[in-house]
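Per-entry structural report
Each chain, written out:
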Amino acid sequence: MNKKLILTLALLSFSALSLFAFSFTPFVETEQGTIGLLHHTFQNGTTGDEFDYIKQGGQNNLYPFSRYTVGARIEDKHRLWFTYQPLQLDTAVDFKNNNVKIGDKTFEGPMELTYSFPFYRATYTYDLLGKYEEAYLGVGLALQIRNASIQFREVDGEDSFISQNVGLVPALAIYSEYRFPFGLTLSADIAGSYANLAYINGADYTFEGSILDASLRMDYAIEDGFSLFANARFFGGTADGESENDASNWTESTEVYTKNNIASLTFSAGLAWQMQ
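Each value, and the rule that gives it
- Residues numbered from 1 in each chain as written.
- Predicted model: local features only at pLDDT ≥ 70, side-chain atom pairs only at ≥ 80, totals over all residues.
- Heavy atoms only, no water.
- Helix = DSSP H or I, 4+ residues; strand = E, 2+ residues; numbered from the N terminus.
- Buried < 20%, exposed > 50% of the residue type's maximum accessible area, 1.4 Å probe, protein only.
- Contact = heavy atoms within 4.5 Å.
- Areas by Shrake-Rupley, 256 points an atom, 1.4 Å probe, with all protein chains shown as cover.
- Pairing = 2+ DSSP bridges.
- Core = buried A, V, L, I, M, F, W, Y, C linked by side-chain atoms within 4.5 Å.
- Phe/Tyr/Trp six-rings, centres within 6.5 Å; stacked < 30°, edge-to-face > 60°.
- Lys NZ or Arg CZ within 6 Å of the ring centre and 35° of its normal.
- Salt bridge = Lys/Arg side-chain N within 4 Å of Asp/Glu carboxyl O.
- Patch = residues over 30% accessible without salt bridge, like charges linked within 9 Å, V, L, I, M, F, W, Y side chains within 5 Å.

**Concerning the overall build of the protein chain**
- Counting secondary structure elements, the protein chain contains two helices and 15 strands.
- For the protein chain, with 276 residues in total, the buried portion stands at 43%.
- Here the contacts in the protein chain between residues at least 6 apart in sequence split such that 65% fall between residues at least 24 apart.
- Accessible surface computed for the protein chain: about 14900 Å², of which carbon and sulfur atoms make up 58%.

**Some points on the pairing of strand β14 (residues 226–242)**
- Sheet analysis places strand β13 (residues 207–221) next to β14, joined by 15 bridges and oriented antiparallel. Of the residues in β14, the one forming a bridge with Met218 is Ala230.
- Taken together, β13 and the strand that follows it, β14, pair antiparallel across an intervening segment of four residues, in which Asp224 is found at a positive phi of about 55°.
- In terms of strand pairing, β14 meets strand β15 (residues 257–274) through 17 bridges, oriented antiparallel. Counted as the bridge partner of Gly241 is Thr258 from β15.

**A look at the side chain of Ser227**
- Note on placement: Ser227 falls in strand β14.
- Note on Ser227: relative accessible area 12%, which makes it buried.
- Beyond its immediate chain neighbours, meaning those up to four positions away, Ser227 contacts Asp219, Tyr220, Ala221, Ile222, Gly270, Leu271 and Ala272.

**What to know about the nonpolar core**
- Formed by 24 residues in total, the largest nonpolar core has its most connected members in Phe51, Tyr53, Ile102 and Phe152.
- If you list the elements that add at least two residues to this core, you get β1 (24–44), β3 (62–74), β5 (88–93), β6 (100–102), β8 (111–116) and β10 (135–154).
- Non-local contacts of Phe51, meaning those with residues more than four positions away in its chain, are made with His40, Thr41, Phe42, Gln56, Gly57, Phe95, Val100, Ile102, Leu113 and Phe152.
- Formed by five residues, the second largest nonpolar core is a distinct cluster that contains Val169, Ala171, Ala173 and Ile211.

**Topic: the packing of aromatic side chains**
- If you walk through the whole model with that rule in mind, you get 17 aromatic pairs.
- An angle of 20° between the planes, with centres 5.6 Å apart, marks the rings of Phe119 and Phe235 as stacked. Of the two residues, Phe119 is situated in strand β9 (residues 119–127) and Phe235 in strand β14; the sequence distance between them amounts to 116 residues.
- Cluster of aromatic residues (ring-pair linked, three or more members): Phe42, Phe51, Tyr53, Phe95, Phe107, Tyr115, Phe117, Phe152 and Phe161.
- Over the ring of Tyr175 we find Arg79; its NZ or CZ atom is 3.8 Å from the centre of that ring.
- Its guanidinium or amino end placed over the ring of Phe229, Arg217 lies 3.7 Å from that ring's centre, counting from NZ or CZ.

**Section: the pattern of salt bridges**
- Following the criterion strictly, the structure yields 10 salt bridges and no others.
- The salt bridge partner of Arg233 is Asp213, with a shortest N-O separation of 2.7 Å. With Arg233 in strand β14 and Asp213 in strand β13, the pair connects residues that are 20 residues apart, well separated along the chain. Here Arg233 and Asp213 have matching classes, each one buried.
- Measuring nitrogen to oxygen at the nearest pair gives 2.8 Å for the salt bridge that ties Arg217 to Asp219. In terms of burial, Arg217 and Asp219 fall into one category: buried.
- What you see here is one network of salt bridges that share partners, running through Arg67, Arg121, Asp213 and Arg233.

**Overview of a nonpolar patch on the surface**
- A surface patch of nonpolar side chains, amounting to about 620 Å² of accessible area, comprises Tyr124, Tyr126, Leu128, Leu137, Val139, Ile174, Ile190 and Leu212.
- If you list the elements that add at least two residues to the nonpolar patch, you get β9 and β10.
- Residue placement: Val139 occurs in strand β10.
- Overall, Val139 belongs to the partly exposed group, its relative accessible area being 36%.

**Topic: the environment of Lys55**
- Within the secondary structure, Lys55 sits in the loop between β2 (51–52) and β3.
- A relative accessible area of 76% means that Lys55 is categorised as exposed.
- As a C-alpha pair, Lys55 and His40 span 15 residues in sequence and 9.2 Å in three-dimensional space.

**Some remarks on the pairing of β1**
- Here β1 lies mainly inside the structure; 15 of its 21 residues are buried.
- Direction of pairing for β1 relative to β3: antiparallel, over a ladder of 13 bridges. Bridging from a neighbouring strand, Gly33 pairs with Phe65 of β3.
- Here 17 bridges tie β1 to β15, and the two strands are oriented antiparallel to one another. Within the sheet, the bridge partner assigned to Asn44 lies in β15 and is Thr258.
- Across two bridges, β1 lies against β2 in antiparallel orientation. Counterpart to Thr41 in the pairing with β2 is Asp52.

Shown next as structure tokens:
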């Protein structure tokens, strides 16, 4: 099912709910721009090398960025929205006669690398400033599903490293905006979490992870519920420790230890529509 159909079905569902007595205002957004990596390292296995994707893996360019959102404001105090953010970075690099060990594989290059890390996220916030029509300050929760695929492939050989998995990440969420009477809206959106599973859920293995997704945005209303916006965003995450993967799937790493740290900046422009 393609993204346009998903957004259309979600918007129709929100519109149907608006027939009920409570106030229900659906919205949909799309944005396109560029992403640049500030920091990105990956290690698989305790004896594997810590691989720098920017210095060694060719991620020192700018890449296309996109993001899609559909949601609704309910009774003005509640805000519920669903976000899809694709992210796939494909690079080609020569390891320059320096052997690099990823997991239990050692590569000499030239190499083709794929780092795919799209996510799906549902976010809910509740307004703490209900008496102010022009302002909204909401706090709440987010639930993110990330769909990771990390690949190292030899161009001239037959060897490769592939690690794929799906993960569920809960987070705290903050959304705020201020609407000026002449059509300008300034907003900030933050979702973040930190977890140490060895202490939080009593697991018998050590694993630490975090995410931070924070943006500053400026909208200007056009007409008929449409607005144009510009957005600056920091997106990053960390993962360090062991996992319970038993490598029963052929695309799972046989090594239990993984470290994956990424930090990026995005700049984008977009179009939003909100039911009047």
